[in-house]
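Okay, here's what each chain looks like letter by letter:
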Amino acid sequence: MHDFAAMDALLREQWSEPGERECLPCYVGRMLADFGCANKFRWVTRWREHNAPGAVALEQRFVRRGARCDCEVALKIYPDQIPGADPPVPCAGVSRRGSTRPCGVRPRPPPPA
Ligand SMILES: [Zn+2]
Ligand SMILES: [Zn+2]
C-alpha cells in the first residue's frame, strides 16, 4: 500500500518552497491563500530561511511595525502588495537574492475616496 500521507506531505513541502527569487510578500500571499495563517510567522520565517538567511531580524522588524503573524504582515506591512489579486499575479522576482524588498508587481489599489 502506498503511503499517500507521506506523498501528500512531500507535495506540500515542494509547493510551499519559496521560489529562488520569489519576493517575501508574493510568497507570503501565495501561502496565506493556500494554507492560511497560523497566528505566527510561519511563512515569513520559512521564506527568510530559504531566501534571506542573513535577514535574521526580519520578524522583529515586523513586530515593531505592528505585525505579529503572516496575515498581519500581509495586511499591515505590504497592504498594496497582497490584495489577493485575481487571477493571481506571478512574482516578478527580486533583483538580488536575499533582498527583503517586494518585487512590486502588484498594482497599488486606488486611494480611498
Ligand atoms: Zn495572522
Ligand atoms: Zn513578488
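Further up the page is the structure itself.
Here the structure is a predicted model, which means the values were calculated and not measured. (Residues numbered from 1 in each chain as written. Chains lettered and ligands numbered in written order. Predicted model: local features only at pLDDT ≥ 70, side-chain atom pairs only at ≥ 80, totals over all residues.)

A. Representation of the overall build of the protein chain. Along the protein chain, the regular secondary structure elements total 5 helices and 0 strands. Traced from its N-terminal end to its C-terminal end, the protein chain shows the element sequence α-α-α-α-α. Of the contacts formed within the protein chain by residues at least 6 apart in sequence, a portion of 60% connects residues at least 24 apart. (Helix = DSSP H or I, 4+ residues; strand = E, 2+ residues; numbered from the N terminus. Contact = placed C-beta atoms within 7 Å.)

B. Here's a closer look at the packing of helix H2 (residues 24-35) against helix H3 (residues 43-51). It is the contact of H2 with H3, at a shortest axis distance of 9 Å, that shows an interaxial angle of 135°. Of the possible angle classes, the one that applies to H2 and H3 is oblique. Relative to H3, the crossing made by H2 is right-handed. For the pair H2 and H3, the contacting residues are Leu-24, Tyr-27, Val-28, Met-31 and Leu-32 in the first and Trp-43, Val-44 and Trp-47 in the second. Class assignment of the residues belonging to the contact of H2 with H3 gives a composition of 8 nonpolar, no polar and no charged. (Axes fitted to C-alpha atoms, helices over the stretch in contact; angles between N-to-C directions. Parallel < 35°, antiparallel > 145°, perpendicular 65-115°, else oblique. Left-handed = near helix turned anticlockwise from the far one by under 90°. Nonpolar A, V, L, I, M, F, W, Y, C, P; charged D, E, K, R; others polar.)

C. Local environment of unusual backbone geometry. One non-glycine residue, Asn-39, adopts positive backbone phi at about 60°. One can find Asn-39 in the loop between H2 and H3.

D. Spotlight on the packing of H2 against helix H5 (residues 70-77). One way to put it is that H2 packs onto H5 with a least axis distance of 10 Å and a crossing angle of 130°. The orientation of H2 with respect to H5, classified from their angle, is oblique. Considering only the axes of H2 and H5, their crossing is left-handed. Between H2 and H5, the residues in contact are Pro-25, Val-28, Gly-29 and Leu-32 and Asp-70, Cys-71, Val-73 and Ala-74, respectively. For the contact of H2 with H5, the residue count by class is 6 nonpolar, 1 polar and 1 charged.

E. Summary view of the environment of Pro-102. Mapped onto the secondary structure, Pro-102 falls in the segment after H5. Separated by 10 residues in sequence, Pro-102 and Ala-92 place their C-alpha atoms 9.2 Å apart.

F. Focus on the nonpolar core. Counting residues in each nonpolar core, the largest one holds 18 residues, and the members touching the most others are Cys-23, Tyr-27, Val-28, Trp-43, Val-44, Trp-47 and Val-73. Elements that contribute at least two residues to this core include exactly H2, H3 and H5. Per-element accounting of this core gives the leading share, 6 residues, to H2. Aside from chain neighbours lying at most four places away, what touches Cys-23 is Cys-91, Val-94, Arg-101, Pro-102 and Cys-103. (Core = buried A, V, L, I, M, F, W, Y, C linked by C-beta atoms within 7 Å. Buried ≥ 20, exposed ≤ 12 C-beta atoms within 10 Å, placed from the backbone.)

G. Focus on H2. Taking 1.5 Å of rise per residue, 12 residues should cover 16 Å, and H2 covers 16 Å from first to last C-alpha, within 8% of that figure. Burial analysis of H2 places 9 of its 12 residues in the buried class, which makes it a mostly covered element. Where H2 is buried, its residues meet H3 and H5. Positive phi appears at Gly-36, one or two residues downstream of H2, with a value of about 80°. (Expected span 1.5 Å × (residues − 1).)

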